[in-house]
Amino acid sequence: MTWPRLGCLLRDPLPWLATALVLLAWGMPWFKPLFAALFPELDRPLYEQESFAALLASHLAIVAASSALSLVVGVAAGLFVTRHAGREFRPLVETLVAIGQTVPPVAVLALAVPLIGFGALPALIALALYGLLPIVRATIAGIESVPRGVLEVADGLGLTQLQRLLRTELPLALPVLLAGVRSSVIINIGTAAIASTVGARTLGLPIIVGLAGFNTAYVLQGAVVVALVAVVVDLGFERLGSRWGRWRATV
Amino acid sequence: MIELREVGKSYGAVRAVDGVSLTIERAEFVVLIGASGSGKSTLLKMINRLVEHDQGMVLFQGAQIRTFKPEDLRRRMGYAIQSIGLFPHWTVAHNIATVPRLLGWPSERIAARVDDLLVLLDLEPALYRERYPHQLSGGQQQRVGVARALAADPEVLLMDEPFGALDPISRHALQNELVRIHTASRKTIVMVTHDVGEALRLATRIVLLDRGRIVQAGTPAQLLAHPADDFVREFFGGDELGLRLLALQPVAGRVQAGESAPGEPLPHTASLRDALAQFVSRRVSRLPVADATSGRVLGAIHFGDLLAPPPPP
């Protein structure tokens, strides 16, 4: 490896932050003396009920499952209302999306409990519902961004409606769609932390326990790991976006 | 090859195309021309069913176009529009291969065809094959658009103002390429334009449309020499009509063999309009004419010969 390439590698924040995340998730006990020094008044300066690695895994599982659900439903809804057959439903879906986005995620969680009860399931459903909105919006915006000339030529050259969708509209909408998925997932990572209030096992647990027991160290430990997850995933999406957007004018 | 019988299309109360009848024979280069809103684009799109006619009938190879599946019909007709129509996420080669892929050609045949077309349109295959549209100039993008329309060797080529967005030099170059391709392949071409010069240069037959109806159809020389009414005369340039008529005819037909004249000879392929320009700028009334390839002097042209061919000796 040459020196300039090594320099590039060192300047890239993604590997550093990913390493920090892994280190904190699996090696949190090593930092016990640090937290003891920072918070001398606390009897237990380290959250030890569960390992951060297990919380991280469960957190990511909930985010992945709910995001996958919102991706499938959101893209399907967005594509449906941009087809000829679904055009009439578009104002309805857009209104629902607009209203939905004004409800704060905590309220969605709170509403889910009386309907479904406590546990991972209500958290999953609430997250999927809330993550739906940016994806529907991005799908519509992405499909709208496809130039009219491209669609006309796709028809004129003899692509079927399905071929036109799969070969031109979706790939061209992908950068915009990806931006929507990115914000949806990032929102979900944050909201999943709050979901531990309804009984889901996530990285929010130390935060909730810490807040309830006036244990600032717990809050700090949970918050730092959640923040690192969000930043690492966000940078990952950025990487993905630049790979998929190779054909665009931006270098 | 294509027959339109009393076809019409309405958008609400507006009749975009109103009872147009037109038969297009194999190997014709038909240019539909008219002001914006004349229905020329709508008429073109009726041929490949991008616009469905609601009156009359359209026949392709003797069968009503409604009996074809739209996709099958369109794959037998090349289609090109302004350069924005390239798929921006596909390389040049992938763009050109669109219809052959749809038709399921084997990949070696597609690759060979792509290279042939790039060569035909004067783009170095090794250099341009893997480029994306945004890496090309407007003229190059349009060449790729034409190549894509030709890819599956369609029976008909439909073009909707294909060179509208180009600068005059690239436009001229592409027009020449198109004439060359038409002459070599004998393909039936139907093209829409609002550029009179382009229509006169390319067409074997011009169809002038106004408010959804055909005003006059005929060869460029017919339309210029015998405009049906003032509208046609105005459209083809009013005062400049005479100059355009001169531009259509080569010097070769007016040469008085054996005569000589001083000065640099004109090539025999030059137009009468070029000759007129030379008469005026050199302030002479006779010009020598030479064979364009061999350089052998053929004779001379007199100023008066611009109006009518010289009497046979």
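About the criteria used
Residues numbered from 1 in each chain as written. Chains lettered and ligands numbered in written order. Predicted model: local features only at pLDDT ≥ 70, side-chain atom pairs only at ≥ 80, totals over all residues. Helix = DSSP H or I, 4+ residues; strand = E, 2+ residues; numbered from the N terminus. Buried ≥ 20, exposed ≤ 12 C-beta atoms within 10 Å, placed from the backbone. Contact = placed C-beta atoms within 7 Å. Pairing = 2+ DSSP bridges. Nonpolar A, V, L, I, M, F, W, Y, C, P; charged D, E, K, R; others polar. Axes fitted to C-alpha atoms, helices over the stretch in contact; angles between N-to-C directions. Parallel < 35°, antiparallel > 145°, perpendicular 65-115°, else oblique. Core = buried A, V, L, I, M, F, W, Y, C linked by C-beta atoms within 7 Å. pLDDT = per-residue confidence, 0-100. Left-handed = near helix turned anticlockwise from the far one by under 90°.

### Brief notes about the overall build of chain A
Here comes step 1: Along the backbone of chain A there are 11 helices and 0 strands.
Here comes step 2: Each helix (α) and strand (β) of chain A, taken in turn from the N terminus, gives the series α-α-α-α-α-α-α-α-α-α-α.
Here comes step 3: In terms of its C-alpha atoms, chain A occupies a principal-axis envelope of roughly 75 × 60 × 25 Å.
Here comes step 4: Residue burial in chain A is summarised as follows: out of 251 residues, 36% are buried.
Here comes step 5: Across chain A, the fraction of contacts at a sequence separation of at least 24, relative to all contacts at a separation of at least 6, is 72%.

### Notes on the overall build of chain B
Here comes step 1: Per the secondary structure count, chain B includes 13 helices and 14 strands.
Here comes step 2: Along the longest, intermediate and shortest principal axes, the C-alpha atoms of chain B span 60 × 50 × 30 Å.
Here comes step 3: Going through the 313 residues of chain B one by one, you find that 38% of them count as buried.
Here comes step 4: Taking contacts inside chain B between residues at least 6 apart in sequence as the whole, the part at least 24 apart equals 63%.

### Points about the sheet that holds strand β2 (residues 14-24) of chain B
Residue and element names in this part refer to chain B.
Here comes step 1: Across the sheet, which stays open at both edges, the 4 strands sit in the order β2-β1-β4-β5 with antiparallel pairing between neighbours. Each edge of the open sheet carries a strand with a single partner, namely β2 and β5 (63-64).
Here comes step 2: Sheet topology places strand β1 (residues 2-11) next to strand β4 (residues 55-60); 5 bridges connect them, and they run antiparallel. Bridge pairing links isoleucine 2 to phenylalanine 60 in β4.

### What to know about the pairing of strand β10 (residues 213-218) of chain B
Regular strands place side chains that alternate from one sheet face to the opposite one.
Residues and elements named next belong to chain B.
Here comes step 1: Across 5 bridges, the pairing between strand β9 (residues 205-210) and β10 is antiparallel. Paired with leucine 208 across the two strands is glutamine 216, which belongs to β10.
Here comes step 2: Following β9, the chain reverses through 2 residues before pairing antiparallel with β10; arginine 211 in that reversal takes a positive phi of roughly 45°.

### Quick notes on the environment of B:Leu44
Residues and elements named next belong to chain B.
Here comes step 1: Tracing the chain through its elements places leucine 44 in helix α1 (residues 40-47).
Here comes step 2: Along the sequence, leucine 44 and methionine 191 sit 147 residues apart, while their C-alpha atoms lie 7.7 Å from each other.
Here comes step 3: In this view, leucine 44 contacts Leu32, Leu158, Asp160, Val190 and Val192; residues no more than four positions away in its chain are not counted.

### Observations concerning the interface of chain A and chain B
Here comes step 1: Opposite the 16 residues of chain A that make contact, chain B presents 18 residues.
Here comes step 2: At the level of elements, α8 (148-156) and α9 (161-194) of chain A are the ones that each hand at least two residues to the side of chain A that touches chain B.
Here comes step 3: The element best represented in the side of chain A that touches chain B is α8(A), accounting for 6 residues.
Here comes step 4: Looking at the side of chain A that touches chain B residue by residue, the class counts come to 9 nonpolar, 5 polar and 2 charged.

### Examining the packing of α9(A) against helix α11 (residues 216-244) of chain A
Residue and element names in this part refer to chain A.
Here comes step 1: It is at 10 Å that the axes of α9 and α11 come closest, and there the two elements cross at 170°. By the criterion of interaxial angle, the relationship of α9 to α11 is roughly antiparallel. Across from Leu174, Pro175, Leu178, Arg182, Val185, Ile186, Ile189, Gly190 and Ala193 in α9, the residues of α11 making contact are Val226, Val229, Ala230, Val233, Asp234, Phe237, Leu240, Gly241 and Trp244.
Here comes step 2: Class assignment for the residues of the contact of α9 with α11 results in 14 nonpolar, 2 polar and 2 charged.

### With respect to the nonpolar core
Here comes step 1: Of all hydrophobic cores here, the largest spans 128 residues; its most connected members are B:Val31, B:Leu32 and B:Val190.
Here comes step 2: Examining the composition of this core, we find that 14 residues originate from one element, helix α7 (residues 120-144) of chain A, more than from any other.
Here comes step 3: Among residues more than four places away in sequence, those in contact with B:Val31 are B:Met191, B:Thr193, B:Ala199, B:Leu202, B:Ala203 and B:Ile206.
Here comes step 4: With 10 residues, the next largest nonpolar core counts B:Val251, B:Leu266, B:Ala275 and B:Leu298 among its residues.

### Details of the sheet that holds strand β13 (residues 286-290) of chain B
All names here are of chain B.
Here comes step 1: Taken in spatial order, the 4 strands line up as β11-β14-β13-β12 in an open sheet, and their pairing is mixed. Sheet topology places β11 (256-257) and β12 (266-267) at the edges, where each strand pairs with a single neighbour.
Here comes step 2: Here β13 pairs with strand β14 (residues 297-302) via 5 bridges, running antiparallel. Bridge pairing in β14 places proline 288 opposite alanine 300.

### Some thoughts on the confidence of the model for chain B
Here comes step 1: With 98% of its residues at a pLDDT of 70 or more, chain B shows a mean pLDDT of 89.
Here comes step 2: Quick note on the complex model: pTM equals 0.78, ipTM equals 0.79.

### Quick word on unusual backbone geometry
Residues and elements named next belong to chain B.
Here comes step 1: For arginine 49, which is not a glycine, the phi torsion comes out positive at approximately 65°.
Here comes step 2: Its location among the elements puts arginine 49 in the loop between α1 and β4.
Here comes step 3: On the basis of neighbour count, arginine 49 is assigned to the buried category, with 21 C-beta atoms found within 10 Å.
Here comes step 4: Of note in the backbone geometry, glutamate 161 takes a positive phi value of approximately 40° without being a glycine.
Here comes step 5: Checked against the element boundaries, glutamate 161 lands in the loop between β7 (156-160) and α8 (168-185).
Here comes step 6: The exposure class of glutamate 161 is partly exposed, given the 18 C-beta atoms found within 10 Å.

### Focus on the environment of B:Pro250
Residues and elements named next belong to chain B.
Here comes step 1: Counting through the fold element by element, proline 250 comes out in the loop between α12 (241-248) and β11.
Here comes step 2: Sequence separation between proline 250 and alanine 261 is 11 residues, and the spatial gap between their C-alpha atoms is 19 Å.
Here comes step 3: Not counting the four nearest positions on each side in its chain, proline 250 is found in contact with His268, Thr269, Ala270 and Ser271.

### Details of the confidence of the model for chain A
Any segment with low pLDDT has predicted coordinates that should not be analysed in fine detail.
Here comes step 1: Mean pLDDT over chain A works out to 87, with 94% of the residues at or above the 70 mark.
Here comes step 2: Taken element by element, the predicted model of chain A shows its lowest mean pLDDT in helix α1 (residues 3-11) of chain A (68) and its highest in helix α4 (residues 52-82) of chain A (93).

### A word on the packing of α8(A) against α9(A)
Residue and element names in this part refer to chain A.
Here comes step 1: Packing of α8 against α9 brings their axes to within 11 Å, and their N-to-C directions diverge by 165°. Relative to α9, the element α8 lies roughly antiparallel. α8 and α9 meet at a crossing whose hand is right-handed. Facing Val150, Ala154 and Asp155 of α8, the residues of α9 in contact are Arg164, Thr168 and Leu172.
Here comes step 2: Class assignment for the residues of the contact of α8 with α9 results in 3 nonpolar, 1 polar and 2 charged.

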